[in-house]
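Spelled out from the first residue to the last, the chains are:
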Amino acid sequence: MNASSYDANVLVVGAGPAGVAASLMAASLNLRAIVVESGPVGGKLHRIGALENVPGCWLTGPQFAEALAADLERLQEAGRCTLVRGHVLKASGHDDRAELVLADGRVFTAGSIVVATGVTELSPSELEWVSAPTDFSVSPLWRATPQELTGRTYVLGADRPLGTWLRAHPDATTTLHVLCPPSDEYKAAEVEDDGRVRLVPVSHAAISRPASGDGWTVEVKGQDGTKNVYAATSILNNLGSKPAGLAGLISDGDGYHPSDQQHRRIRIAGDLRSARFQRIATAQGSGAEAVLAYYYDTALRPMNGATR
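Residues numbered from 1 in each chain as written. Predicted model: local features only at pLDDT ≥ 70, side-chain atom pairs only at ≥ 80, totals over all residues. Heavy atoms only, no water.

(A) View of the packing of aromatic side chains. Counted according to the given criterion, the structure contains four aromatic pairs. The interplanar angle of 90° and the centroid separation of 4.9 Å between the aromatic rings of Phe136 and Trp216 together place this pair among those described as edge-to-face. Note that Phe136 is positioned in the loop between strand E8 (130–131) and strand E9 (139–140) and Trp216 in strand E14 (residues 216–221), a separation of 80 residues in sequence. There is no split in this pair, since Phe136 and Trp216 are both buried. Pairing Tyr154 with Tyr230 gives two aromatic rings, centres 5.6 Å apart and planes at 35°, and the pair type is tilted. Note that Tyr154 is positioned in strand E10 (residues 153–156) and Tyr230 in strand E15 (residues 227–232), a separation of 76 residues in sequence. Like Tyr230, Tyr154 is buried. Its end group placed over the ring of Trp216, Arg209 keeps NZ or CZ at 3.6 Å from the ring centre. (Phe/Tyr/Trp six-rings, centres within 6.5 Å; stacked < 30°, edge-to-face > 60°. Helix = DSSP H or I, 4+ residues; strand = E, 2+ residues; numbered from the N terminus. Buried < 20%, exposed > 50% of the residue type's maximum accessible area, 1.4 Å probe, protein only. Lys NZ or Arg CZ within 6 Å of the ring centre and 35° of its normal.)

Right, here's the structure in full:
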């Protein structure tokens, strides 16, 4: 397939920080980009109440998401990018093209694909250290407001949204009893000095309904083998995340999709790459780098006759 017959030079899956950064870099290099997104531009930024480690003096995630949406709109108005609404089923790389298949049957081709679909939340049933009834459903911490937390609140897991929630609600006085497994201890260290957090080191937690009344019973086995039973008015999910990849990608042992393990026409950007680099700033950089890699491959080292 000749490059001139591609739908775009670059297909970008996901319009979060990594995907938008990829689109901006493509436009700056005079590459045609199609961005495929099924949800709001900005993705999980809409859930982040406070930003601290993102350059540009952004105060909240929604504020930053609005700016990213404006970036895409500007690119579209200039004819340098197309935003396609849809759900991607599969990405594939071939000798002469990269290809995306959407759930509605549409197929797009390009010289390269940047997959930036990020991660999604884990549920209690997916972790061995939590036992709960089959009908147990728990809201995520990021969605809770201090006004809703009027009783004894337990948080499952000490993932980093805990620190984000505390920064977003500096005047909240609620004590969060955080069940912290060994795998979360290094993250919990970031908030252990906040007086609103009571860390409860656990090796296992069993959640059940009390014999009478509302709320929950939380039976905790500590890391030292001790056992305690607590009464919880509410329980919130802060268990972490898992990769939200696509069919056609190669996974590592943790379910992530390192870019260097994919077909040469498929590059991974943002949180989907690794659990170690789940930050907005690193996501943006990886999105830009993914497009630059394609640009230099085609501009300086043409592959199989491919051109820009």
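There is more to say, and it comes next.
(B) Structural detail: the sheet that holds strand E13 (residues 204–208). Strand order in the open sheet formed by four strands is E8-E13-E14-E15, with mixed pairing between adjacent strands. Edge positions in the sheet fall to E8 and E15, since each has one partner strand and no second. As judged from the five bridges shared by E13 and E14, these two strands associate in the antiparallel manner. Counterpart to His204 in the pairing with E14 is Lys221. (Pairing = 2+ DSSP bridges.)

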